[in-house]
Structures are given as C-alpha cells and as structure tokens.
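Chain by chain, the residues:
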Amino acid sequence: MSANVIAIDGPAASGKSTVASHLARLLSIPYVNTGSMYRAVAYAVLENKVDCNDTEAMAELLDSIKLDYSADEEGNFSLSLNGRFLKDELVTPEVNAAVSHVAAVVAVREKLKTLQRSLAEKQRIVMEGRDIGSVVFPDARWKFFVTASPEVRAKRRLDQSKESYSSATLEEIAKSIAERDRIDSERPVAPLKQCEDAVLVDSSNMNVEETVAFIAERIR
Ligand code: DC
C-alpha cells in the first residue's frame, strides 16, 4: 500500500501544500492535503459548538460527519464534508485558531488516518501533512520534510492570505505560526517531527519550481 505514497510533511506555512500540489500535477497523480481534513473537522466542531475536550461530544460529532474525496464542479479531487465541498471556510482565522487543538484529539486522528490510508489503496498519491511519513505511512517509499525559516514562512503566509489576514501584521502572523508549531510539535499523539528516513528540504532559498524539481529528481 505504502509503495503508492509520496509523503510530504512539514510545519505550517512552509510552502509544502504548493510544492505537493505542483509535484502531483507533474506526476499526473492525485494530491491530498490532510491539513484540510483536520480543518474540516475543526469547522464542524465550531459549527456545532462542540467542546473538543469533551470526549463523548466529540465521538458523537465524528460519527455524524462524513468526509469524502471526489471530483468537484471543476473536476478537481476535493474534500467534502457531508456532501458539501469546503474551500474558503477552511482558512478563516477561527478555524486557524481551533485546528491545532482539534488535531490533538486522538479520536479525530484515528478517523482521519483510516480515511488517509483508504485513499492510497488503489492509486499512487502525493499526501501532505504532519505525520504522513511518521505515522500514517511509516513504510512510504518516498518521504520528504519540507521546511523554511520562521521569517520566510511568515512572509509566505502573509502573501498567500492577504484576504483573511488583511489587518494582521507580519509579527502577528509569525506569532500565530509559532504557536501552531508549538502545539503540533508538543502533542503526545503523532507530533510534528522529521522522521529519520525523510529527506529534508529547506525551501528558504528556493522558489516553488526549484523545490519541486529538487523532490522530483530524488523520486526519479
Ligand atoms: O497544513 P495545515 O496548516 O492546513 O494544517 C492544519 C492543522 O492540522 C495543523 O495545525 C496541524 C494539523 N495537521 C495534523 O495534525 N496532521 C496532519 N497530517 C495534517 C495537519
């Protein structure tokens, strides 16, 4: 199963989503951003006003939501929550603030791990996240850990999210990224960390094309 997977992990705003989606296009295979899955659950948590520390309420919520991947109106392989495709709803400041807490809930991780594994059963796939190489597919054929300096990451997030962050300063964004890194790295389950057998890709001084070329070369 894991022979199908190209795992791309790394911290928030490292540029890994852009790199992973370009790489998938280059290889003509589907791309799955697992951060979107955690964001979709965080969106459902907020919408239903569930306390993510309440185990019973979280179990009930997880039973009631259906996450799926299928072709959207534009033919892109996209995530839907209970039959509805979500895009902008997943990158609001509210979801940004809640998602790391939701991603630390064991039952959430278990549900999403099952979905992630099922997506790689029948097809080659680029899957991107925090724990794809370490936990979801520990025997993936290809593992990359994409990162960049904190300054570059804050700048990229500012450039990328002008709308949602219109009033935020670079300093505020850097602080929010650092806080998410802290929660993601310190959680007891599936923390963000580079696995020993992953290739480190420091993209601080590389643009998207250069980073994709670096990874594609190793795969070839
Ligand atoms: O990649 P992103 O910023 O969209 O991810 C959103 C959150 O989801 C992030 O705080 C960490 C969490 N996440 C995770 O815990 N495991 C993954 N495989 C992907 C994301």
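Shown above is the structure to which this text applies.
Within each chain, residues carry numbers counting from 1 in the order of the written sequence. In keeping with the predicted nature of the model, local features appear solely for residues at pLDDT of at least 70, side-chain atom pairs appear and are counted solely at 80 or more, and the whole-chain, interface and lining totals rest on all residues. To get the side-chain values, take all heavy atoms of the structure and skip hydrogens and water.

1. Notes on the side chain of Lys 16
Turning to step 1, where the next piece is worked out: With respect to the helices and strands, the residue Lys 16 is situated in helix H1 (residues 16-27).
Turning to step 2, where the next piece is worked out: The classification of residues rests on relative accessible area computed with a 1.4 Å probe and restricted to protein chains. Under 20% of the type maximum is buried, over 50% is exposed, and intermediate values are partly exposed. For Lys 16, a relative accessible area of 5% corresponds to the buried category.
Turning to step 3, where the next piece is worked out: Here a polar contact is recorded for every N or O atom pair within 3.5 Å, except that within protein the pair must consist of a potential hydrogen donor and a potential acceptor, and residues adjacent in sequence are included only if both atoms are side-chain atoms. Here Gly 10 takes part through its backbone oxygen, which lies 3.4 Å from a polar atom of the side chain of Lys 16.
Turning to step 4, where the next piece is worked out: Apart from the residues lying within four places of it in its own chain, the contact partners of Lys 16 are Ile 8, Asp 9, Gly 10, Pro 11, Glu 128, Gly 129, Arg 130 and Val 146. Numbering goes from the N terminus for both helices and strands, where a helix is a DSSP run of H or I of at least four residues and a strand is a run of E of at least two. Here a residue-residue contact requires only that any non-hydrogen atoms of the pair lie within 4.5 Å.

2. Side note on the environment of Val 105
Turning to step 1, where the next piece is worked out: Within the secondary structure, Val 105 sits in the loop between helix H4 (93-103) and helix H5 (106-119).
Turning to step 2, where the next piece is worked out: When the C-alpha atoms of Val 105 and Thr 55 are compared, they prove to be 8.7 Å apart, with 50 residues separating the residues in sequence.
Turning to step 3, where the next piece is worked out: Beyond its immediate sequence surroundings of up to four residues, Val 105 is in contact with Cys 52 and Met 58.

3. Points about the packing of aromatic side chains
Turning to step 1, where the next piece is worked out: By convention, a stacked pair of Phe, Tyr or Trp rings (six-membered ring in the case of Trp) has centres within 6.5 Å and planes under 30 degrees apart, an edge-to-face pair has planes over 60 apart, and any other such pair is tilted. The tally for this structure, following the rule as stated, stands at 1 aromatic pair.
Turning to step 2, where the next piece is worked out: Charge over a ring is defined by NZ of Lys or CZ of Arg lying within 6 Å of the ring centre and within 35 degrees of the ring normal. For Arg 141, the ring lying beneath its charged end belongs to Trp 142, and the centroid distance is 4.2 Å.
Turning to step 3, where the next piece is worked out: Of note, Arg 218 hangs over the ring of Phe 214, and the distance from its end group to the ring centre comes to 3.8 Å.

4. Quick look at the sheet that holds strand S2 (residues 31-33)
Turning to step 1, where the next piece is worked out: Read across the sheet, 5 strands follow the order S2-S6-S1-S7-S8 without closing on themselves; strand pairing throughout is parallel. In the strand order of this sheet, the two ends are held by S2 and strand S8 (199-202), each with one partner. Each adjacent strand pair in this sheet contributes to an overall mean axis angle of 20°, direction not counted.
Turning to step 2, where the next piece is worked out: Between any two strands, at least two bridges found by DSSP are needed for them to pair. Bridge analysis of strand S1 (residues 5-9) against strand S7 (residues 142-147) gives 4 bridges, and the strand direction is parallel. Bridge pairing in S7 places Asp 9 opposite Phe 145.
Turning to step 3, where the next piece is worked out: In this analysis, axes come from line fits to C-alpha atoms, helices being fitted only over the stretch in contact, and the angle between any two N-to-C directions falls in the range 0 to 180 degrees. The sheet strands contacting H1 are S1, S2, strand S6 (125-129) and S7, and the helix crosses S6 at an angle near 180°.
Turning to step 4, where the next piece is worked out: Most of the contacts of helix H2 (residues 34-47) go to S2, to which it runs at about 40°, and overall it touches S2 and S6.

5. Digging into H5
Turning to step 1, where the next piece is worked out: For H5, which comprises 14 residues, the first-to-last C-alpha distance of 20 Å matches the rise-based estimate of 20 Å (1.5 Å per residue) to within 8%.
Turning to step 2, where the next piece is worked out: Listed as buried for H5 are Val 108, Arg 109, Leu 112, Lys 113, Leu 115, Gln 116 and Leu 119. Down the axis of H5, the buried set is contained in an arc of 170°. They therefore lie on one face. Multiplying 1.5 Å by the residue count of a helix minus one yields the expected span of that helix. Starting at the helix axis, one direction is taken to each C-beta atom, and the arc is that of these directions.

6. Digging into the environment of Lys 87
Turning to step 1, where the next piece is worked out: Positionally, Lys 87 belongs in the loop between strand S5 (84-85) and H4.
Turning to step 2, where the next piece is worked out: In the structure, Lys 87 is positioned 132 residues away from Ile 219 in sequence and 30 Å away in space, judged by C-alpha atoms.
Turning to step 3, where the next piece is worked out: Side chain to side chain, Lys 87 and Asp 72 meet in a polar contact 3.0 Å long.

7. Quick notes on unusual backbone geometry
Across residues other than glycine, the phi torsion is negative in most instances, and most of the peptide bonds are trans.
Turning to step 1, where the next piece is worked out: Phi at Lys 49 is positive, roughly 50°, even though this residue is not glycine.
Turning to step 2, where the next piece is worked out: Among the residues examined, Lys 49 registers a relative accessible area of 75% and is labelled exposed.
Turning to step 3, where the next piece is worked out: With phi around 45°, Ala 190 is a residue other than glycine that occupies positive phi space.
Turning to step 4, where the next piece is worked out: For Ala 190, the position within the fold is in the loop between helix H8 (170-186) and S8.

Functional significance is not addressed by these values, which are geometric in nature.
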